[in-house]
Amino acid sequence: MTVFSVVKKRVSPQQLFMLSALLVNGGNYIYNLLLGRILGPEAFADAALLVTLLLVLSFLGMTFQLVTAKFVAVLPQEQWESFRNRIGVLALVIGCVLGAAVFFAAPFLQNILQTENALMFQIFGIGVPLYFVMSVNRGQYQGEESFAKLSISYQSEMWGRLLITLLAFLIVRDHFGVLVSFGILGSLALGLFPFKKLRFNVVRTASPDLEWNKVRTFMLITACYELTQIIINNSDIILVKHFFQAQEAGLYASLALIGRVVYFVAWMFVMLLLPTVVRLKKEGKPTGHILFKYVGYIGLLSSVIVVVCATFPELIITLLFGDAYLSMASLLWQYALATSLFAVANIFTYYFLSLDQYRPIWFSAILGVSQIVLIVFFHSSLALVVQLQILVMLVLLAVQVLYFLSHRR
């Protein structure tokens, strides 16, 4: 018996995906750390802005990924191909529209976000349709619980972005924002693999109106929730880039990058949570224990990270970014706490989303808008920006827990 066969027998596909997700998150983290080290705070502000836009794009793409995953898990097998083609064509069309909007709005974005040039946004816009098609592709593998193929897609994207960007830095050594956007574009093309071709001559299912009414409803609800994710997870960086000088914005971006490690790890549990809950619901089995398991994982992980950030802030920032970023040390544990609260609240929301219960989405939407309003009116210091987020996330988590308890009763 070979080593590979022993590993395959003893390690489940879910465990392999979690290991792969840890590697992907680690690689993405190294990528951002290298950008911070190479560029310094001021130039890093532009690069971090592109990474933030990529996160915004990932949340939008997640709408298509979750919709595809849910209905692949629910629909009979003979309807999969038709469904996937229709959702894939829709994703491509919406991706082209949004990509064109980013491309032609590049001069405006350069002006309002105070970046070096507009070309970085134009290159980014070209990659938007690729991301949406890639999200449908991943959603099928997620819904089928084909975690090996799903892992390959994430690995290809991560390694492609890391290697292409570093190679571009070595060759050009100038206009780093453009080089980062070029690396993102190349990584999105690589993330399409393994890929199943889309067919544009879509064949309707036997009950198209019934199924597509469900699809449209779930897609609209999911899109609304992903919008709240964008607001909560990225509005602070964009607002700081607008209200503060480039030096401070770069320092804040490094703080956000370190503090968000909790959310990046929580993401892999969401990937496992949704298809598992949908399948158990379809089989008429209880699902509450799945929520408790993942909330426990994220809660334990979050607690460890917050304690470490509070105990060794200077050491962490020096090792990861260098002495130029040390002024952010006192805020590190606070940002980690805000992100941890959001990550745990997020698990509750995705759990109810899997069960077709949508009220918790409104909680996230209201608190997400509240976060923006508070930062817009109260941004006298970076410390205040972080502390406002802690307050908002505490309220959000409390509301989600209270809703869950009332739902259980």
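Below you will find a few notes about this structure. (Residues numbered from 1 in each chain as written. Predicted model: local features only at pLDDT ≥ 70, side-chain atom pairs only at ≥ 80, totals over all residues. Heavy atoms only, no water.)

A short note on the pattern of salt bridges
Right, so step 1: Under the definition given, this model contains 2 salt bridges.
Right, so step 2: Here Glu157 makes a salt bridge to Arg138, at a shortest N to O gap of 2.6 Å. Placement of Glu157 in helix H6 (residues 147–172) and of Arg138 in helix H5 (residues 119–143) is noted, with a sequence separation of 19 residues between them.
Right, so step 3: Note on Glu157: relative accessible area 6%, which makes it buried. (Salt bridge = Lys/Arg side-chain N within 4 Å of Asp/Glu carboxyl O. Helix = DSSP H or I, 4+ residues; strand = E, 2+ residues; numbered from the N terminus. Buried < 20%, exposed > 50% of the residue type's maximum accessible area, 1.4 Å probe, protein only.)

A short note on the layout of surface pockets
Right, so step 1: Of the volumes computed, that of the largest pocket is approximately 310 Å³.
Right, so step 2: Around the largest pocket, the lining comprises 13 residues; the ones closest to its centre are Leu53, Val56, Val102, Leu109 and Phe124.
Right, so step 3: Elements that contribute at least two residues to the lining of the largest pocket include exactly helix H2 (13–74), helix H3 (80–104), helix H4 (106–113) and H5.
Right, so step 4: Looking at the lining of the largest pocket, the element that brings in the most residues is H2, giving 4 residues.
Right, so step 5: Of the residues that constitute the lining of the largest pocket, the class distribution is 13 nonpolar, no polar and no charged. (1 Å grid on protein atoms, 1.4 Å probe; cavity = no way out; pocket = protein on both sides within 12 Å on 5 of 7 lines; lining within 4 Å. Points joined across faces, edges and corners; volume = space filled by probe spheres on them. Nonpolar A, V, L, I, M, F, W, Y, C, P; charged D, E, K, R; others polar.)

Remarks on the packing of H3 against H4
Relative orientation and spacing of two packed helices are given, respectively, by the angle between their axes and the distance between those axes.
Right, so step 1: At their nearest, the axes of H3 and H4 sit 4 Å apart, and the two run at 60 degrees to each other. Classed by the angle they form, the pair H3 and H4 counts as oblique. Residues Val102, Phe103 and Phe104 of H3 pack against Ala106, Pro107 and Leu109 of H4.
Right, so step 2: For the contact of H3 with H4, the class distribution of residues is 6 nonpolar, no polar and no charged. (Axes fitted to C-alpha atoms, helices over the stretch in contact; angles between N-to-C directions. Parallel < 35°, antiparallel > 145°, perpendicular 65-115°, else oblique. Contact = heavy atoms within 4.5 Å.)

Structural notes on the nonpolar core
Right, so step 1: Membership of the largest hydrophobic core comes to 131 residues, with the highest contact counts inside it found for Leu35, Phe44, Phe83, Ile87 and Tyr252.
Right, so step 2: The element best represented in this core is H2, accounting for 26 residues.
Right, so step 3: Excluding anything up to four places from it in sequence, Ile87 contacts Phe64, Val67, Thr68, Val136, Trp212, Val215 and Met219. (Core = buried A, V, L, I, M, F, W, Y, C linked by side-chain atoms within 4.5 Å.)

Brief notes about the side chain of Gln400
Right, so step 1: Checked against the element boundaries, Gln400 lands in helix H15 (residues 382–408).
Right, so step 2: Assessed through its relative accessible area of 0%, Gln400 is described here as buried.
Right, so step 3: For Gln400, the side chain forms a polar contact with the side chain of Thr349, separated by 2.4 Å. (Polar contact = N/O pair within 3.5 Å; in protein donor to acceptor, adjacent residues only side chain to side chain.)

Structural notes on a nonpolar patch on the surface
Right, so step 1: There is a patch of nonpolar side chains on the surface, built from Phe243, Val369, Val373, Val376, Phe377 and Phe378 and spanning about 540 Å² of accessible area.
Right, so step 2: With respect to the helices and strands, Phe378 occurs in the loop between helix H14 (359–377) and H15. (Patch = residues over 30% accessible without salt bridge, like charges linked within 9 Å, V, L, I, M, F, W, Y side chains within 5 Å. Areas by Shrake-Rupley, 256 points an atom, 1.4 Å probe, with all protein chains shown as cover.)

Side note on H5
Right, so step 1: The end-to-end C-alpha distance of H5, which contains 25 residues, comes to 37 Å, matching closely the 36 Å that a straight helix rising 1.5 Å per residue would cover.
Right, so step 2: In terms of burial, H5 is a largely internal element, 21 of the 25 residues being buried.
Right, so step 3: Glu145 sits one or two positions beyond H5 and adopts a positive phi of about 60 degrees. (Expected span 1.5 Å × (residues − 1).)

Points about the environment of Trp333
Right, so step 1: Tracing the backbone shows Trp333 in helix H13 (residues 332–354).
Right, so step 2: For Trp333, a relative accessible area of 34% gives the class partly exposed.
Right, so step 3: Contacts of Trp333, omitting those with residues within four sequence positions, involve Val306, Cys309 and Ala310.

A closer look at the environment of Ser370
Right, so step 1: One can find Ser370 in helix H14.
Right, so step 2: Exposure remark for Ser370: the relative accessible area of 27% places this residue in the partly exposed category.
Right, so step 3: In the structure, Ser370 is positioned 139 residues away from Ile231 in sequence and 9.8 Å away in space, judged by C-alpha atoms.

A look at the packing of aromatic side chains
Right, so step 1: Applying the stated rule across the entire model yields 12 aromatic pairs.
Right, so step 2: Plain terms: the ring middles of Phe292 and Phe404 are 5.8 Å apart, the flat faces sit at 90 degrees to each other, and that makes the pair edge-to-face. Taken as a pair, Phe292 in helix H11 (residues 288–311) and Phe404 in helix H15 lie far apart in primary sequence, 112 residues in all.
Right, so step 3: Classification of Phe404 as buried rests on a relative accessible area of 5%.
Right, so step 4: Where Phe363 meets Tyr403, the ring centres are 5.7 Å apart and the plane angle is 70 degrees; that geometry is what we call edge-to-face. (Phe/Tyr/Trp six-rings, centres within 6.5 Å; stacked < 30°, edge-to-face > 60°.)

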